[in-house]
Structure formats: C-alpha cells, structure tokens
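Spelled out, the chains give:
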Amino acid sequence: MVRKNVIVIIALVLIIVAGIIFFWWWFGADHQIKKLLNDLEATASFDQQPTLIAASIKAERLTNYFSPDIKLEIKSDDGLVELHTTRREESKNYFLTSIQRVSLIDIQFLDTQIDAVSGRASLETTARVKVLSDFGETNMLLPLRITFNRLSGNWQIQNVTSIEIIKRYR
Amino acid sequence: MPTWRHITRIALVALAAWWFFSHVLVPIRISGQSMEPTYDNGGLNFINRTAYWRKNPSRGEVVGVSFTGQRLMLLKRIVGLPGESVSIVNGQVGINGQALNEPYVQTKKQSWQVPAVQLSNHEYFVIGDNRDTAQADHVFGTVGAERVVGKILW
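Residues numbered from 1 in each chain as written. Chains lettered and ligands numbered in written order. Predicted model: local features only at pLDDT ≥ 70, side-chain atom pairs only at ≥ 80, totals over all residues.

1. Some details on the overall build of chain B
Test applied: Secondary structure counts use DSSP, requiring at least four H or I residues in a row for a helix and at least two E residues in a row for a strand, with both numbered from the N terminus. Our radius of gyration is a C-alpha quantity, and the globule rule it is checked against amounts to 2.2 Å times the number of residues to the power 0.38. Neighbour density around each residue's C-beta defines its exposure: 20 or more other C-beta atoms within 10 Å make it buried, 12 or fewer make it exposed, and counts between make it partly exposed, where C-beta atoms are placed from the backbone. Working definition of a contact: two residues with C-beta atoms, positioned from the backbone, lying within 7 Å.
Helix and strand counts for chain B stand at 1 helix and 11 strands. Secondary structure elements of chain B, listed N to C terminal, follow the sequence α-β-β-β-β-β-β-β-β-β-β-β. In terms of overall size, chain B is more extended than a compact globule, its C-alpha atoms giving a radius of gyration of 19 Å where 154 residues would be expected to give roughly 15 Å. Referenced to the eigenvectors of the C-alpha coordinate spread, the extents of chain B come out at roughly 70 × 30 × 25 Å. By residue count, 27% of the 154 residues in chain B fall in the buried class. Considering only contacts within chain B whose residues lie at least 6 apart along the sequence, 57% involve residues at least 24 apart.

Take a look at the structure:
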C-alpha cells in the first residue's frame, strides 16, 4: 500500500515537472521566435504571380512582424511591384527591391541559432530563397543576423543584416 | 513482444547514431559545380568534424565552411593559411608571391584577378576547384577559422 502511494506521488511529481518544462519551452523565447519565423516563411512565400493588391495585403501582414518604427510599403511603377522597408529615422533598408512577373517565392529559415536575454534576442539563420520568374529559377542562401525586441508580449523584428561567411574579392 | 531491454537497446543505438552523425561524421549532399571535377553535383560524402581537434587545417585540404549551423555548408579547398599573403593573377593563385601548384584544378582557368590579401592569424583563404566560371559567379575568399567545420572524408 505504501509502495503504491510512493509510486503515485513520484508519478505526480514527474507529471508536474514535465508540465513546468513544457510551459517554459512553449512560452520561451526560442520557441516563440522559431514559431514567428515559421509564420514569416508562410507569409512571405507565395506560389502565384502577385497582383499589386495581393502584394499590398502581404506587406500589411508582414508589418505585424516588424517593430513599429519600421514602415513597410508597396510601390508600383509601370507594373513593377516593390516592397520597401523604411525606418522612421530616415535610414532605409531594402529587403526586396522588386517582384516582377515572379510566379513563386519560397522562403525557408534553416540553421537558426537564437540568443535571447530579457526582452531582447538576436539570432543567426540562413534564409533559403527560391524564386521562379521569367528569368528562370534562382536559388539563394542568405545568412542573416536578425535582432528582436519584445513589445507587449510579442516578439518583433527590429533589424536584419546579412552575414558575410566568405569575404569575397572581385 | 519487444521487452523493455530491447526498447532500451534500440533507443541507445539511435541516440549513439544521432550523436555520431551530428558531432563526428556529418553526412552531406553536394549541390553545385564549384568543386568539379573533384566533387560532382549531387555526390554524397561526410565531413569529419574530428579532423581539426588536434591539428589545424592544411593547404590543399577540402573543408566544410558553415553558414549559421550544420545543415548548410560550403565545400571549399584551403589555399591560404593564417598569416600568408594570397593573390590571384590571371587565374594563377600565388602564396607570398610564389605561384601555387594546383594539380586538382583540371578545368580551364579564367583570368581572375585578386590583389594581394594579407590573412590574419585566424583566417584561411578558400576557393573551389572549378575555375572555369566568371570570377563574380564563384564564391571564394577569406573565412574565419571558427567557420571551418571539418575535413571532407574522401
């Protein structure tokens, strides 16, 4: 009888410990940021030629992933659809300069290494980008360093810079 | 019916295999033409991560250069060692002003030009074996020692 009670107590303790570990993992920065990257992959990828309206909707959805001081806007000039990202303090980052007659963009984040410290996080990841356009298929590997801020409980992208793996000479 | 002993053995073997193939011999599938004809596009191989535990990479060795983890790597040959000066004149690699003999380059050398680059104490100069491409299309240059993951197995 005593032995049975001990087993029950041990089982309960193990379940509680597993629950706490799961809670920490689920709400931890690593999991939340990886989940955000997965959502970002889905939002930024498309498999149909985007119209200006479709691209605008995508840009509007993408805005949710970025810090409020980053403004995303769609511009169109003679059918050329451009996604511009602009910081309020006047400096400009152009993530994607143009989408023209593109039939597919597939983005995957691989080899993600996250370093999170109290409300701030930085990560290194490699974006594998596949673009199918009038010019054929283009595959790119873009090593990136992304910094995040936690605002109102949500992680948001603050900055994206490319990492130079091999310093090239041309 | 499998017993707990069998399940434990299978789990231990799986764990050991996972550890071995992620920390000792990392399997790779080669994608691209930059190391042809030595390594063809689509070929399978392994990166030996233990190769540089006791010694530093040597000239002529083919190594894996990591991006931001282990799933994606560049496969390149080391031609310049820390502290050396590397230059390329009309496709010919020079080390400290002396032409480097490269028997592994069997393609036509395009007239690449790189003025002398002085490597620091923790940098290597890496390049692919296929030199029959435009200079701008071939990824080569200096890489930090921390990015060299290991040596190709064969």
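2. A look at the sheet that holds strand β8 (residues 114–118) of chain B
Picture the strands of a sheet paired through backbone hydrogen bonds; they go either parallel or antiparallel. Residue and element names in this part refer to chain B. In plain terms, the rule: In this analysis, strands are considered paired if DSSP registers two or more bridges between them.
Read across the sheet, 4 strands follow the order β7-β6-β5-β8 without closing on themselves; strand pairing throughout is antiparallel. Where the open sheet ends on each side, the last strands, each with one partner, are β7 (98–99) and β8. For strand β6 (residues 92–95) and β7, the ladder comprises 2 bridges, and the chain directions are antiparallel. Looking at β7, one finds that Ile 95 is bridged to Gln 98.

3. Quick notes on unusual backbone geometry
Residues and elements named next belong to chain B. Residues Glu 36 and Pro 37 are joined by a peptide bond in cis, for which omega reads 0°. By the secondary structure assignment, Pro 37 is in the loop between β1 (25–29) and β2 (44–48). Even without glycine at this site, Asn 90 takes up a positive phi of about 50°. With respect to the secondary-structure elements, Asn 90 resides in the loop between β5 (85–89) and β6. Not every positive phi belongs to a glycine, and Asn 96 is a case in point at roughly 50°. Here Asn 96 is to be found in the loop between β6 and β7. Look at Asn 96 and you get exposed, because 12 C-beta atoms sit within 10 Å.

4. Describing the interface of chain A and chain B
Note the threshold: Nonpolar residues are Ala, Val, Leu, Ile, Met, Phe, Trp, Tyr, Cys and Pro. Charged residues are Asp, Glu, Lys and Arg, and all others, Gly as well, are polar.
In this complex, chain A contributes 14 residues to the contact, which on the side of chain B involves 19 residues. Those elements that place two or more of their residues in the side of chain A that touches chain B are β4 (102–117), β5 (120–133), β6 (136–151) and β8 (167–168) of chain A. For the side of chain A that touches chain B, a count of residues per class yields 6 nonpolar, 3 polar and 5 charged. Taken together, the 2 bridges between β8 of chain A and strand β10 (residues 141–144) of chain B define a ladder with antiparallel strand orientation. Paired with Arg 168 of chain A across the bridge in β10 of chain B is Gly 141 of chain B.

Remember, this is a structural readout, not a statement about activity or role.
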